[in-house]
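These are the residues of each chain, in order.
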Amino acid sequence: MKIDDLNWQILACLQENARETFANIGRKIGLTPPAVAERVKKMEDVGVIEGYETKVSYALAGHQLKAIIMLRAFVGKLKPFLNQVDNFQEVVNCYRITGNENIIMEVVLKDQAHLEKFIDQLIVYGECRTHIVLSDVISNAPIKNGKVY
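As the structure is a computational prediction, the values presented were derived from the model and not from experiment.

Caption draft 1: Highlighting the environment of Asn 83. Mapping Asn 83 onto the fold places it in helix α4 (residues 78–84). In this structure Asn 83 comes out as exposed when scored by relative accessible area, which is 64%. With 29 residues separating them in the primary sequence, Asn 83 and Thr 54 have C-alpha atoms 26 Å apart.

If you want it as structure tokens, here you go:
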């Protein structure tokens, strides 16, 4: 599927507000609501649009710390970790990466004691490096049309 300029405009609107109505999107970009709906459906069908999410404030939900944890797995421990990581409620994002570490995770925790207990669970899988997030500089930035203007 080709993502043309109109599709990029629709994607920009939906990334800003996934609950935006097709009528409002149509008014912004010059299409009828059925035309917007048809384009969105096609992008969903081919997987360009993977889903819709609710963004929750971790701090207001009772988690005072956000951290980035990098894990360098011990020999033979990467597969067991990958099988277990879904069960860690603290993990909001987890990536398998190249380089010295095998895994990078974004986690939310209630406090420092919670962080300590979580690290104690991880150290059986490998060496951990933890970085506390002080603030978000860029968060959930929209994917934009790759055109150079």
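Here the narrative resumes, following the displayed structure.
Caption draft 2: Structural detail: the nonpolar core. In this structure, Phe 81, Phe 88, Met 105, Val 107 and Phe 118 are the most contacted members of the largest nonpolar core, which totals 18 residues. Going through the elements one at a time, β1 (65–73), α4, β3 (103–109) and α5 (112–122) are the ones with two or more residues in this core. Among the elements that take part in this core, β1 stands out by supplying 5 residues, more than any other. Setting aside anything within four residues of it in sequence, one finds Met 105 in contact with Ala 67, Ile 68, Ile 69, Phe 81, Val 85, Val 91, Asn 93, Cys 94 and Leu 122. Counting residues in each nonpolar core, the second largest holds 11 residues, with Leu 11, Leu 14, Val 40 and Met 43 among its members.

Caption draft 3: Just the pattern of salt bridges, in detail. Under the counting rule described, the total for this entry stands at 7 salt bridges. In this structure, Lys 42 engages Glu 38 in a salt bridge whose closest nitrogen and oxygen atoms are separated by 3.4 Å. Here Lys 42 and its partner Glu 38 are both found in helix α3 (residues 33–46), 4 residues apart, which amounts to about one turn of the helix. By relative accessible area, Lys 42 is classed as partly exposed at 46%. Residue Glu 38 is classed as partly exposed on the basis of its relative accessible area, which comes to 46%. Across the pair Arg 129 and Glu 101 runs a salt bridge, and its minimum N-O distance is 2.8 Å. Pair noted here: Arg 129 is in strand β4 (residues 126–132) and Glu 101 is in the loop between β2 (91–96) and β3, with a separation of 28 residues, a long-range link. When its relative accessible area of 39% is taken as the criterion, Arg 129 is described as partly exposed.

Caption draft 4: Fine view of the packing of aromatic side chains. Counted by the stated rule, this structure contains 3 aromatic pairs. A centroid spacing of 6.4 Å and a plane angle of 35° characterise the contact between Phe 81 and Phe 88, whose relative ring orientation is tilted. Its relative accessible area of 0% is what places Phe 81 among the buried residues. With a centroid separation of 5.4 Å and an interplanar angle of 90°, the aromatic rings of Phe 88 and Phe 118 are classed as edge-to-face. Of this pair, Phe 88 sits in the loop between α4 and β2 while Phe 118 sits in helix α5, and the two are 30 residues apart along the sequence. Using a relative accessible area of 5% as the deciding quantity, one classes Phe 88 as buried.

Analysis parameters
- Residues numbered from 1 in each chain as written.
- Predicted model: local features only at pLDDT ≥ 70, side-chain atom pairs only at ≥ 80, totals over all residues.
- Heavy atoms only, no water.
- Helix = DSSP H or I, 4+ residues; strand = E, 2+ residues; numbered from the N terminus.
- Buried < 20%, exposed > 50% of the residue type's maximum accessible area, 1.4 Å probe, protein only.
- Core = buried A, V, L, I, M, F, W, Y, C linked by side-chain atoms within 4.5 Å.
- Contact = heavy atoms within 4.5 Å.
- Salt bridge = Lys/Arg side-chain N within 4 Å of Asp/Glu carboxyl O.
- Phe/Tyr/Trp six-rings, centres within 6.5 Å; stacked < 30°, edge-to-face > 60°.

The quantities given are spatial measurements derived from coordinates; they are silent on function.
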